[in-house]
Amino acid sequence: MSDRVRHRAWQRMLSGRRLDIIDPSPLDVEIGDIAHGLARVARWNGQTHGPEIFSVAQHALLVEALFSAAEPAPSQRERLAALLHDGPEYVIGDLISPFKAAVGGDYRRIETRLMRAIHIRFGLPPDLAPELTKRIKAADRLSAFMEATALAGFAEGEARKLFGEPTVPVRRFIHFLEPMRPDDAEARFLDRFVELDAAAAKA
């Protein structure tokens, strides 16, 4: 077996694309592959209540909803960025934050390259403005609080220490916290992407 085959760093996607994970091209990024992958990646390493996993696709929908409900009202393109904020996980999986910190440099570099390819593919800047990144991270932390307390067995006090004080009532977004079948999560994610992408194109 040649070194090229033994050390390959690409993955064949269901769309037929061959995605180089180390040096990804935006041309090999397809939203169908992202939706399919994220709907089958479990949040919290699968340690959640319910008959189905709570997927990264569902987490993305919740983050985008929280981000969109915040002030000042975001643009459609900013909402699209929020929906895609964990896009790289469709090929590299969802590591819990403490493990990401322990793995460090190489993981972060691969994640960043994938994120840039995704952004370029869908008409976003390769690197988001720091202020926008901060706003998306705030929605991400709020989502983590909601998921932790509703699904992952965390006490509210423990979750507040880790993720901060919730800024909106959980009950307003409780319908986002019901684990879905992967096919349903995939379809919901794709529908929201199409809606936001079309609106961003008209803006």
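Quick caveat, the model's predicted, so the values are computed rather than measured.

Thresholds, definitions, all that
Residues numbered from 1 in each chain as written. Predicted model: local features only at pLDDT ≥ 70, side-chain atom pairs only at ≥ 80, totals over all residues. Heavy atoms only, no water. Helix = DSSP H or I, 4+ residues; strand = E, 2+ residues; numbered from the N terminus. Rg over C-alpha atoms; globule rule 2.2 N^0.38 Å. Buried < 20%, exposed > 50% of the residue type's maximum accessible area, 1.4 Å probe, protein only. Contact = heavy atoms within 4.5 Å. Areas by Shrake-Rupley, 256 points an atom, 1.4 Å probe, with all protein chains shown as cover. Lys, Arg positive; Asp, Glu negative; His and termini not counted. Charge placed at Lys NZ, Arg CZ, Asp CG, Glu CD. Axes fitted to C-alpha atoms, helices over the stretch in contact; angles between N-to-C directions. Left-handed = near helix turned anticlockwise from the far one by under 90°. Nonpolar A, V, L, I, M, F, W, Y, C, P; charged D, E, K, R; others polar. Phe/Tyr/Trp six-rings, centres within 6.5 Å; stacked < 30°, edge-to-face > 60°. Lys NZ or Arg CZ within 6 Å of the ring centre and 35° of its normal. Salt bridge = Lys/Arg side-chain N within 4 Å of Asp/Glu carboxyl O. Core = buried A, V, L, I, M, F, W, Y, C linked by side-chain atoms within 4.5 Å.

Chemist: Describe the overall build of the protein, and please don't skip the residues or the numbers.
Modeler: Secondary structure assignment for the protein yields 10 helices and 2 strands. Going residue by residue from the N terminus, the α and β elements of the protein occur as α-β-β-α-α-α-α-α-α-α-α-α. Taking 2.2 N^0.38 as the reference for a compact globule, 203 residues should give roughly 17 Å; the C-alpha atoms of the protein span a radius of gyration of 17 Å, in line with that estimate. Projecting the C-alpha coordinates of the protein onto the three principal axes gives extents of approximately 55 × 40 × 30 Å. Per-residue burial over the protein gives 43% buried out of 203 residues. Considering only residue pairs separated by 6 or more positions, the protein has 66% of its internal contacts joining residues 24 or more positions apart. Total accessible area computed for the protein in this model is approximately 10900 Å², and 54% of it derives from carbon and sulfur atoms. When the 28 positive and 29 negative side-chain charges of the protein are each reduced to one mean point, those points stand 3 Å apart.

Chemist: Which residues make up the packing of helix α3 (residues 56-69) against helix α4 (residues 76-83), and what are the values?
Modeler: Here α3 crosses α4 at 145°, and the two axes come no closer than 8 Å. Along this stretch, α3 crosses α4, giving a crossing that reads as right-handed. Every residue of α4 that contacts α3 at A60, L61, V63, E64, F67 and S68 is listed here: E78, R79, A82 and L83. Of the residues assigned to the contact of α3 with α4, the class counts are 6 nonpolar, 1 polar and 3 charged.

Chemist: Hey, could you go over the packing of aromatic side chains for me, with residue numbers and the actual values?
Modeler: This model, assessed by the stated rule, comprises 5 aromatic pairs. Measuring from centroid to centroid gives 5.0 Å for F122 and F193, while their planes differ by 70°, and the two rings are edge-to-face. Of the two residues, F122 sits in the loop between α7 (105-121) and α8 (130-150) while F193 sits in helix α10 (residues 182-202), which places them 71 residues apart along the sequence. The buried category is assigned to F122, whose relative accessible area is 8%. A network of ring pairs unites the aromatic residues W44, F154 and F163 as a single cluster. Its guanidinium or amino end placed over the ring of W10, R18 lies 4.5 Å from that ring's centre, counting from NZ or CZ.

Chemist: Give me the pattern of salt bridges: which residues, what numbers.
Modeler: With the rule as written, the count across this model stands at 17 salt bridges. Measuring nitrogen to oxygen at the nearest pair gives 4.0 Å for the salt bridge that ties R17 to D28. Residue R17 is found in the loop between β1 (10-12) and β2 (18-20), and its partner D28 is found in the loop between β2 and α2 (31-38); the two are separated by 11 residues along the sequence. Between R192 and E195 there is a salt bridge whose closest N-O contact spans 2.9 Å. Pair noted here: R192 and E195 are both in helix α10, with a separation of 3 residues, about one helical turn. For E195, a relative accessible area of 47% puts it in the partly exposed group. Connected through salt bridges with shared partners, the residues R17, D28, E30 and R121 form a single ionic network.

Chemist: How would you summarise the environment of R43 if you had to cite specific residues and measurements?
Modeler: Tracing the backbone through its elements, the reader meets R43 in the loop between α2 and α3. A relative accessible area of 10% means that R43 is categorised as buried. Among residues more than four places away in sequence, those in contact with R43 are T48, F54, S55, V56, H59, D86, D94, A144 and E147.

Chemist: Report on α4, specifying residues and quantitative values.
Modeler: Taken as a whole, α4 has its buried residues at R79, L80, A81, A82 and L83. Summarising the contacts, the buried residues of α4 are in contact with α3, α8 and α10.

Chemist: Describe the nonpolar core, naming the residues involved and giving the relevant values.
Modeler: Grouped burial of nonpolar side chains is what soluble globular proteins tend to show. By size, the foremost hydrophobic cluster in this structure holds 47 residues, and its most contacted members are V29, I34, L84, Y90, I118, F122 and F189. For this core, the secondary structure elements donating two or more residues are α2, α3, α4, α5 (89-92), α7, α8 and α10. Examining the composition of this core, we find that 9 residues originate from one element, α3, more than from any other. The next biggest cluster of nonpolar side chains, apart from the first, holds 6 residues, and it includes A144, A148, A152 and A159.

Chemist: Tell me about the environment of L83, and please be specific about residues and values.
Modeler: With respect to the element layout, L83 can be found in helix α4. The spatial distance from the C-alpha of L83 to the C-alpha of L196 is 9.0 Å, given a sequence separation of 113 residues. For L83, the residues in contact, after removing those within four places along its chain, are A60, L61, E64, F189, R192, F193 and L196.

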